[in-house]
Amino acid sequence: MAGDIEPERLFENPILTRSGEERIIAWNNTILGDEKGRNIGTLSSGEDITARIRAEQLLSALNRAAVAMGTSQTQEETFNAIAKELKQIDISCMLFPLDKTQGKLITKYISYESALLNAAEKLVGIKHGDFSFPIDKVDMYREVVSEKKTIFTDSSEKTSQQILPKLPKKVLTQIIKLLGVQKSISAPLIVEGQTIGVFSIQSDTLTQADVSAATAFADQLSSAWNKIGLLQNLRKTVEGTIHAIAATVEARDPYTAGHQGRVADLTVAISKEMGLSKDQIESIRMAGLIHDLGKINVPAEILSKPGELSELEYKIIQTHPQVGYDLLKEIEFPWPIAEMVHQHHEKMDGSGYPQGLKGDDILLEARILAVADIVEAMSSHRPYRPALGIEEALAQIKQDKGKLLDPNVVDACLKLFKEGYQLLED
């Protein structure tokens, strides 16, 4: 009132109503003065902006979830990324993939932060992974699937009772009230005109105005969910193809039977030690399984020759990275497997083959393959020499660290064996 402090003209703060509900009010404050310019009071008008603020929070959380699920590699990762973002604003979520063969909604990837079913699991022993129910038994989900429309409800009790018939109604009502999941929005997941599931969010703060945001997000989720499903099917096909190729190579070269599998296992261990992504680890495992594919072009008598190789024979063997690349380059893998195979004998100083690449010009995955290949090869028996042993192999990569081999990869490999890692046995 003395004019020593400049008041805030616009101000937002939470208030509690008589019922104990929290609301957010936006205030517009005006100073009232007399004819002499003295402050004699304030005029404040308040607007309840709770719905707007919470709608903005939901939209922001859904936008973050959309970004997060864009980097997910599995459907489970996708749902967990969404659940994590929504949990930050006290919204629970559930996902019901539709099993068309059984006409059921299957909650394979339901979040453990999903308040209602998490509590129900503890009370009646329902397991998330096995949880399922016929859609015809739940009015809301049946309508979502059949009508392909998003539905808002301000009473989760009826729906929850239909899903969880074992739970006494009195107990269920108490759980819903305690956990604050009285309201829900359920949206269909639609791909090419077909409903593939239902995405549902629950919170006491939801309103009809949130339906459009939930619907838009469900459209994004549908696309991501379907894409990941197709990618997983592709990966299964790719893996089957790669195993068949690996078996073909090893059938021609019995002395190196198991070599590619052991290399693949070691590359996975090194990649995990280095903190690579799951996708990178999977790609390098696949490349490891067929990195010597090009040896299919090397005469069997050279591969199994018991004595020392001639210079010409050694040069023939050195063609296998290029041959492997030529065989793989036209195949549409989800990862640059052909390039990894092409580069697995390149060296950091450019002295490798077949391209003479240096340093970072060599794929990281190929640098990991190079180290794993040396360790396995030196540790195992070959037609032209007995096994040299793991200690000599580790001493060799330590000696070549920084010059021929990536120092970070070597350090990770050495740490693995120091901590007890062992190569796979035949």
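That block above? That's the structure.
Residues numbered from 1 in each chain as written. Predicted model: local features only at pLDDT ≥ 70, side-chain atom pairs only at ≥ 80, totals over all residues. Heavy atoms only, no water.

Undergrad: Would you mind going over the overall build of the protein with me for this structure?
TA: Each helix and strand in the protein was counted, giving 16 helices and nine strands. Buried positions account for 44% of the 426 residues belonging to the protein. Across the protein, the fraction of contacts at a sequence separation of at least 24, relative to all contacts at a separation of at least 6, is 60%. Surface exposure of the protein reaches about 22,200 Å², of which carbon and sulfur atoms provide 52%. (Helix = DSSP H or I, 4+ residues; strand = E, 2+ residues; numbered from the N terminus. Buried < 20%, exposed > 50% of the residue type's maximum accessible area, 1.4 Å probe, protein only. Contact = heavy atoms within 4.5 Å. Areas by Shrake-Rupley, 256 points an atom, 1.4 Å probe, with all protein chains shown as cover.)

Undergrad: Honestly, the side chain of Gln202 in this entry has me stumped. Any pointers?
TA: Following the sequence through the fold, Gln202 ends up in strand E9 (residues 194-202). We classify Gln202 as buried; its relative accessible area is 4%. Side chain to side chain, Gln202 and Ser200 meet in a polar contact 2.9 Å long. (Polar contact = N/O pair within 3.5 Å; in protein donor to acceptor, adjacent residues only side chain to side chain.)

Undergrad: I'm lost on the sheet that holds strand E3 (residues 39-48) in this one. Help?
TA: In a beta sheet, neighbouring strands are held together by backbone hydrogen bonds and run either parallel or antiparallel to one another. Sheet architecture is open: three strands sit in the order E1-E2-E3, paired in antiparallel fashion. The sheet is open, and its two borders are formed by strand E1 (10-16) and E3, each paired with just one other strand. Averaged over all pairs of adjacent strands, the angle between their axes in this sheet comes to 35°, without regard to strand direction. As paired strands, strand E2 (residues 22-33) and E3 are joined by nine bridges and run antiparallel to one another. Note that in E3 the partner of Ile25 across the bridge is Asp48. Across the face of the sheet, helix H1 (residues 50-69) comes into contact with E1, E2 and E3 while running at roughly 125° to E2. (Pairing = 2+ DSSP bridges. Axes fitted to C-alpha atoms, helices over the stretch in contact; angles between N-to-C directions.)

Undergrad: What exactly am I supposed to notice about a nonpolar patch on the surface here?
TA: Together, Leu32, Ile40 and Leu43 line one region of the surface with nonpolar side chains, adding up to about 290 Å² of accessible area. The residue Leu43 is located in strand E3 in this model. By relative accessible area, Leu43 is classed as exposed at 52%. (Patch = residues over 30% accessible without salt bridge, like charges linked within 9 Å, V, L, I, M, F, W, Y side chains within 5 Å. Salt bridge = Lys/Arg side-chain N within 4 Å of Asp/Glu carboxyl O.)

Undergrad: When you look at the nonpolar core in this model, what are you seeing that I'm missing?
TA: Burial of nonpolar side chains together is a common tendency in soluble globular proteins. Leu266, Ile270, Leu328, Ile337, Val371, Val375 and Ile397 are the most contacted members of the largest nonpolar core, which totals 44 residues. When contributions to this core are tallied by element, the ones reaching two or more residues are helix H7 (211-252), helix H8 (259-273), helix H9 (278-289), helix H12 (320-328), helix H13 (337-343), helix H14 (364-379), helix H15 (390-400) and helix H16 (407-418). Looking at this core element by element, the count peaks at eight residues for H14. Discounting residues that sit within four places of it in the chain, Ile270 has contacts with Ile368, Val371, Ala372, Val409, Ala412, Cys413 and Leu416. In terms of nonpolar packing, the next biggest core, distinct from the first, is built from 29 residues, Leu58, Ala66, Leu189 and Trp225 among them. (Core = buried A, V, L, I, M, F, W, Y, C linked by side-chain atoms within 4.5 Å.)

Undergrad: How should the packing of H14 against H15 be read in this particular structure?
TA: Between two packed helices, what matters for the description is the angle formed by their axes and the separation of those axes. Taken N-terminus to C-terminus, the directions of H14 and H15 make an angle of 145°; their axes are 8 Å apart at the nearest point. Along this stretch, H14 crosses H15, giving a crossing that reads as right-handed. Seen from H14, the contacting residues are Val371, Ile374, Val375, Met378 and Ser379; seen from H15, they are Ile390, Glu392, Ala393, Leu394, Gln396 and Ile397. A class-by-class count of the residues in the contact of H14 with H15 yields eight nonpolar, two polar and one charged. (Left-handed = near helix turned anticlockwise from the far one by under 90°. Nonpolar A, V, L, I, M, F, W, Y, C, P; charged D, E, K, R; others polar.)

Undergrad: For this particular structure, what's the right way to read the pairing of strand E8 (residues 184-191)?
TA: The side chains of a regular strand alternate, residue by residue, between the two faces of the sheet. Burial analysis of E8 places seven of its eight residues in the buried class, the great majority of the element. With three bridges connecting them, strand E7 (residues 151-153) and E8 associate as antiparallel partners. Of the residues in E8, the one forming a bridge with Phe152 is Ile185. In this sheet, E9 lies alongside E8 in antiparallel orientation, the contact comprising eight bridges. Among the inter-strand pairings, Leu189 is bridged to a residue of E9, identified as Gly197.

Undergrad: Explanation requested: unusual backbone geometry in the structure shown.
TA: With glycine set apart, most residues show a phi of negative sign, and most peptide bonds adopt trans. Note that the residue after Tyr353, namely Pro354, is joined by a cis bond; omega there is 10°. Considering the arrangement of structural elements, one finds Pro354 in the loop between H13 and H14. Located in the positive-phi region is Lys148, a residue other than glycine, with phi close to 55°. Mapped onto the fold, Lys148 is located in the loop between helix H4 (139-147) and E7. A positive phi angle, close to 50°, is found at Glu192, a residue other than glycine. When you line up the elements, Glu192 lands in the loop between E8 and E9.

Undergrad: I tried to follow the environment of Lys403 on my own but got confused; where do I start?
TA: Mapped onto the elements, Lys403 comes out in the loop between H15 and H16. Aside from chain neighbours lying at most four places away, what touches Lys403 is Met348 and Asp349.

Undergrad: Mind showing me how you'd approach the packing of H8 against H16 here?
TA: In contact at an axis separation of 9 Å, H8 and H16 are set at 105° when each is read in the N-to-C sense. Regarding the angle of H8 to H16, the classification is roughly perpendicular. From H8, Leu266, Ala269, Ile270 and Glu273 reach across to H16, where they touch Val409, Ala412, Cys413, Lys415, Leu416 and Phe417. Class assignment for the residues of the contact of H8 with H16 results in eight nonpolar, no polar and two charged. (Parallel < 35°, antiparallel > 145°, perpendicular 65-115°, else oblique.)

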